[in-house]
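Commentary on secondary and tertiary structure
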Amino acid sequence: MTPNPAGKKPSESSVEMRELVLPNDTNTHGTVLGGRVLHLMDIACAMAATRHCRRPVVTAAMDHVDFLSPVPEGHFLILKAAVNFAGKTSMEVEVHVQSECPLTGALRATSSGYFTFVALDEAGQPAPVPPIIAESADEKRRFDEAKARVGERKKRRKARAHHES
């Protein structure tokens, strides 16, 4: 499959998924485990990245993950993910998680983060991805902010590689 060179709008690949917090998903406080939330965030972001490039993807990085409030057993998790930025072979995907009380419908922001994915070709090597077509003011802001974060990630990787050699 060849990516669309004209690009894609973030709305064309955005993902919304829901999960019920079950007893096996919780810690000793009766709230969802952070690791379980990270797992679900990774899945939602991987789906958005795959929808963007229509190729297999792998997680390359997670950063700026914030846990804002606990989610009790029995509540719903609502995950919303969208591609903010696409480089040559990688994409930054932003995810926001809310909890919903099933009895009242009350919503609460619970976590958010940025995940980087790399698209793969048939041989498992990095493959080109279509650019992002940011149209709205919010999409343009998210694109510009993501581009700055991508630059910072590259600097950190370069610094780590320099220290490890």
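Residues numbered from 1 in each chain as written. Predicted model: local features only at pLDDT ≥ 70, side-chain atom pairs only at ≥ 80, totals over all residues. Heavy atoms only, no water.

Quick word on the packing of aromatic side chains
Basically, it comes down to this: Each Phe, Tyr or Trp ring (for Trp, its six-membered ring) is paired with any other whose centre lies within 6.5 Å, and the angle between the two planes then decides the class: stacked below 30 degrees, edge-to-face above 60, tilted in between. Only runs of H or I of at least four residues qualify as helices and only runs of E of at least two qualify as strands under DSSP, and these elements are numbered from the N terminus. Exposure categories follow from relative accessible area, calculated using a 1.4 Å probe and restricted to protein chains: below 20% of the type maximum is buried, above 50% is exposed, and the middle band is partly exposed. A positively charged side chain is recorded as over a ring if its NZ (Lys) or CZ (Arg) lies within 6 Å of the ring centre. The angle to the ring normal must also be within 35 degrees.
Tallying each qualifying case throughout the model produces 1 aromatic pair. Ring centres of F85 and F143 lie 5.0 Å apart, and the angle between their planes is 45°; on these two criteria the pair is classed as tilted. With F85 in strand β3 (residues 76–86) and F143 in helix α2 (residues 137–164), this residue pair connects regions lying 58 residues apart in the sequence. In this structure F85 comes out as buried when scored by relative accessible area, which is 12%. The ring centre of Y114 lies 3.6 Å from the NZ or CZ of R149, which sits over that ring.

With respect to the environment of C53
Put simply, the test is: Contacts: residue pairs with any heavy atoms within 4.5 Å of one another.
Relative to the helices and strands, C53 is located in helix α1 (residues 34–53). Residue C53 is classed as buried on the basis of its relative accessible area of 3%. Ignoring anything within four residues of it in the chain, the contact list for C53 reads M91, A119, V129 and P130.

With respect to the sheet that holds strand β2 (residues 57–67)
The condition is simple: Strands pair, by our definition, only if DSSP identifies at least two bridges between them. Axes here refer to lines fitted to C-alpha atoms; in helices the fit is confined to the stretch in contact. Angles between the N-to-C directions go from 0 to 180 degrees.
One open sheet accounts for 5 strands, arranged β1-β3-β4-β5-β2; its pairing is antiparallel. If you trace the sheet from one side to the other, it starts and ends with β1 (15–20) and β2, each paired once. Pairs of neighbouring strands in the sheet enclose a mean axial angle of 25°, with direction left out of account. Sheet topology places β1 next to β3; 6 bridges connect them, and they run antiparallel. Each residue of the ladder has a partner; that of L20, found in β3, is F76. On top of the sheet, α1 reaches β1, β2, β3, β4 (90–100) and β5 (107–119); it is set at about 50° to β5, its chief contact. Packed on one face of the sheet, α2 meets β2, β3, β4 and β5 and runs near 80° to β3.

Concerning the side chain of D63
Under the convention used in this document: Each polar contact in these results corresponds to two N or O atoms within 3.5 Å; when the atoms are within protein, one needs to be able to donate a hydrogen and the other to accept it, and residues that are neighboring in sequence are counted only if both atoms are side-chain atoms.
In this structure, D63 sits in strand β2. Classification of D63 by relative accessible area gives buried; the value is 11%. Among the polar contacts made by the side chain of D63, one reaches the side chain of R153 at a distance of 2.5 Å. Ignoring anything within four residues of it in the chain, the contact list for D63 reads G113, Y114, R153 and R156.

Points about α2
Spelled out, the test is: Every helix has an expected span of 1.5 Å times one less than the residues it contains.
The end-to-end C-alpha distance of α2 is 41 Å, a good match for the 40 Å that 28 residues give at a rise of 1.5 Å each. Among the residues of α2, E139, R142, A146, R149, V150 and R153 are the ones counted as buried. Those residues of α2 that are buried are in contact with β2, β3, β4 and β5.

Focus on the pairing of β3
Buried residues dominate β3, accounting for 9 of its 11 residues. Taken together, the 10 bridges between β3 and β4 define a ladder with antiparallel strand orientation. Paired with K80 across the two strands is H96, which belongs to β4. Here β3 folds back onto β4, and the loop between the two strands holds 3 residues.

Some thoughts on the side chain of S13
Position of S13 relative to the elements: it lies in the segment before β1. Leaving out residues up to four positions away in the same chain, S13 has contacts with A48, R51, H52 and V83.

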